[in-house]
Amino acid sequence: MEFEEETSYATDQYLVPFFLHSVNVICSATNSGKTTLLINILKHKEFCFVKPIKKAIIVLCNPQVSGEPYLELADDSLDIEVIYLEEFSPKDHLSSNVALIFEDVPSLTKDILDCINVFAHHLNLASLFIVCQSIFAEEEFKLLLSLAHRIFIYFSGTGGTKLAQHIRQFFFVNAELKEYFKTIISYAERNKNIVLFE
């Protein structure tokens, strides 16, 4: 049975990882696979986004980082634009149904916060990703825990456990949920998993 491209995308937001306007934080140490995860999400975009996306904008927040791995994804079905944060202007670069990635974020600039708080919704972005090395690197990064819809936690090092414990302590009131969350953390630690918390 053949399906048209439009119908190959799931329409039930509960079956698709990234719903419209979603803000997603990917947090882990250097060389843990954050960029590889995002590249695989874009490669398999038809399974990851509610609507077909035709463009991804990658904003490099570290001048030492290259956008080359993302540029290799460009083809007839996906346009890739890579720019550095200093050149990025949300009103000039963003448009409806774009996947926006802030790669290697060292601090939360006004443009990044505007994209999270205003443009993700008002410009109808497909999804927004914030990639950073640690939520605890800067005090301001803890704000992401309140703004994000989803957080990827890598349990391959101690940083993931620390972040999960922080979320368990400060974001759950219900004792039963806290205990269930503790079980998830324990399993993920043992198996060095990546866990997506919504």
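Quick note: structure is the one above.
The text that follows walks through the structure, step by step, so that each part is easy to find. All residue numbers here refer to positions counted from 1 along the written sequence of the relevant chain. Local features are withheld for residues below a pLDDT of 70 in this predicted model, meaning they are given only at 70 or higher, and side-chain atom pairs are given and counted only at 80 or more; totals for whole chains, interfaces and linings count all residues. Working from all heavy atoms in the structure, the side-chain values ignore hydrogens and water.

## Digging into the overall build of the chain
Phase 1 of the analysis: Per the secondary structure count, the chain includes eight helices and seven strands.
Phase 2 of the analysis: All radius of gyration figures rest on C-alpha atoms, and the globule criterion is 2.2 Å times the number of residues raised to 0.38. Taken over the C-alpha trace, the chain has a radius of gyration of 17 Å; the compact-globule value for 198 residues is 16 Å, and the two agree within 12%.
Phase 3 of the analysis: Projecting the C-alpha coordinates of the chain onto the three principal axes gives extents of approximately 45 × 45 × 30 Å.
Phase 4 of the analysis: Each residue is placed in one exposure class: buried if its accessible area under a 1.4 Å probe, protein chains only, is under 20% of its type's maximum, exposed if it is over 50%, and partly exposed if it falls in between. The burial tally for the chain puts 43% of its 198 residues in the buried class.
Phase 5 of the analysis: Accessible surface is estimated by sampling points in the Shrake-Rupley manner with a 1.4 Å probe; for residues, cover comes only from the protein chains shown. Of the accessible surface of the chain, which amounts to about 10800 Å², a share of 52% is contributed by carbon and sulfur atoms.
Phase 6 of the analysis: Under this rule, positive means Lys or Arg and negative means Asp or Glu; His and the chain ends count for nothing. To locate a charge, take NZ of a lysine, CZ of an arginine, CG of an aspartate or CD of a glutamate. With 16 positive and 26 negative side-chain charges, the chain shows a spacing of 10 Å between the two charge centroids. Secondary structure counts use DSSP, requiring at least four H or I residues in a row for a helix and at least two E residues in a row for a strand, with both numbered from the N terminus.

## Here we look at the sheet that holds strand β6 (residues 150-154)
By definition, the strands of a sheet pair up through backbone hydrogen bonds, in either a parallel or an antiparallel sense.
Phase 1 of the analysis: Note on pairing: DSSP must find at least two bridges between two strands before they are called paired. Reading across from one edge, β3-β2-β4-β5-β1-β6-β7 is the order of the seven strands in this open sheet, with mixed pairing throughout. With one partner strand each, in any of the chains shown, β3 (79-84) and β7 (194-197) form the two edges of the open sheet. For this sheet, the mean angle separating the axes of adjacent strands, direction not counted, is 15°.
Phase 2 of the analysis: The pairing of β6 with β7 spans four bridges and is classified as antiparallel. Among the inter-strand pairings, Tyr 154 is bridged to a residue of β7, identified as Ile 194. With axes taken as lines fitted to C-alpha atoms, and helix axes fitted only over the stretch in contact, angles between N-to-C directions fall between 0 and 180 degrees.

## Considering the pairing of β6
It is a general feature of regular strands that their side chains alternate between the two faces of the sheet.
Phase 1 of the analysis: Taking burial as the measure, the five residues of β6 include five buried ones, the bulk of the element.
Phase 2 of the analysis: Sheet analysis places strand β1 (residues 22-27) next to β6, joined by four bridges and oriented parallel. Bridging from a neighbouring strand, Ile 26 pairs with Phe 152 of β6.

## Description of helix α1 (residues 34-43)
Phase 1 of the analysis: Every buried residue of α1 is accounted for by Lys 34, Leu 38, Ile 39, Ile 41 and Leu 42. On an axial view of α1, the arc spanned by its buried residues comes to 160°, and they lie on one face. The directions considered for the arc are those from the helix axis to the C-beta atoms.

## A few points about the packing of aromatic side chains
Phase 1 of the analysis: Note on aromatic pairs: the rings of Phe, Tyr and Trp (six-membered ring only in Trp) are paired at centre separations within 6.5 Å, and the planes decide the class, stacked below 30 degrees, edge-to-face beyond 60, tilted for the rest. This model, assessed by the stated rule, comprises six aromatic pairs.
Phase 2 of the analysis: Relative to Phe 102, the ring of Phe 88 lies with its centre 5.6 Å away and its plane at 85°, an arrangement referred to as edge-to-face. Of this pair, Phe 88 sits in the loop between β3 and α4 (90-93) while Phe 102 sits in strand β4 (residues 98-103), and the two are 14 residues apart along the sequence.
Phase 3 of the analysis: Taken together, the ring pairs connect Phe 18, Phe 49, Phe 129 and Phe 152 into an aromatic cluster.
Phase 4 of the analysis: Positioned over the ring face of Phe 136 is Lys 162, at 4.7 Å from the centre of the ring. The rule is short: NZ of Lys or CZ of Arg within 6 Å of the ring centre and within 35 degrees of the ring normal puts a charge over the ring.

## Overview of the nonpolar core
Phase 1 of the analysis: In this text, buried Ala, Val, Leu, Ile, Met, Phe, Trp, Tyr and Cys residues form a nonpolar core when linked through side-chain atoms within 4.5 Å. The biggest cluster of nonpolar side chains holds 40 residues, and the ones touching the most others in it are Val 25, Leu 100, Phe 102 and Ile 112.
Phase 2 of the analysis: Contacts are assigned to residue pairs that have any heavy atoms within 4.5 Å of one another. Residue contacts for Leu 100: discarding those within four places in its chain leaves Ile 57, Val 59, Phe 88, Leu 94, Cys 115, Leu 125, Ser 127, Leu 128 and Phe 129.
Phase 3 of the analysis: Listed in part, the 24 residues of the second largest apolar core include Ile 53, Ala 56, Tyr 70 and Ile 101.

## With respect to helix α7 (residues 158-171)
Phase 1 of the analysis: Compared with the 20 Å implied by 1.5 Å per residue over 14 residues, the 20 Å span of α7 between its first and last C-alpha is a close match.
Phase 2 of the analysis: Among the residues of α7, Gly 160, Thr 161, Leu 163, Ala 164, His 166, Ile 167 and Arg 168 are the ones counted as buried. The span one expects for a helix is its residue count, reduced by one, times 1.5 Å.

## Some points on the environment of Leu 123
Phase 1 of the analysis: Here Leu 123 shows up in the loop between α5 (110-122) and β5 (127-132).
Phase 2 of the analysis: As for Leu 123 and Phe 102, which are separated by 21 residues in sequence, their C-alpha atoms are 17 Å apart.
Phase 3 of the analysis: Contact partners of Leu 123, with chain neighbours within four places excluded, come to Pro 90, Leu 94, Ser 95, Ser 96 and Asn 97.

## Here's the deal with the packing of α7 against helix α8 (residues 175-191)
Phase 1 of the analysis: Running from N to C, α7 and α8 point in directions that differ by 175°, and their axes come no closer than 10 Å. Put simply, α7 runs roughly antiparallel to α8. Residues Thr 161, Ala 164, Gln 165, Ile 167, Arg 168 and Gln 169 of α7 form the contact with α8, whose participating residues are Lys 178, Glu 179, Phe 181, Lys 182, Ile 185 and Glu 189.
Phase 2 of the analysis: When residues are grouped by polarity, Ala, Val, Leu, Ile, Met, Phe, Trp, Tyr, Cys and Pro land in nonpolar, Asp, Glu, Lys and Arg in charged, and all others, Gly among them, in polar. For the contact of α7 with α8, a count of residues per class yields four nonpolar, three polar and five charged. Note that the term roughly parallel is reserved for angles under 35 degrees, roughly antiparallel for angles over 145, roughly perpendicular for angles of 65 to 115, and oblique for everything else.

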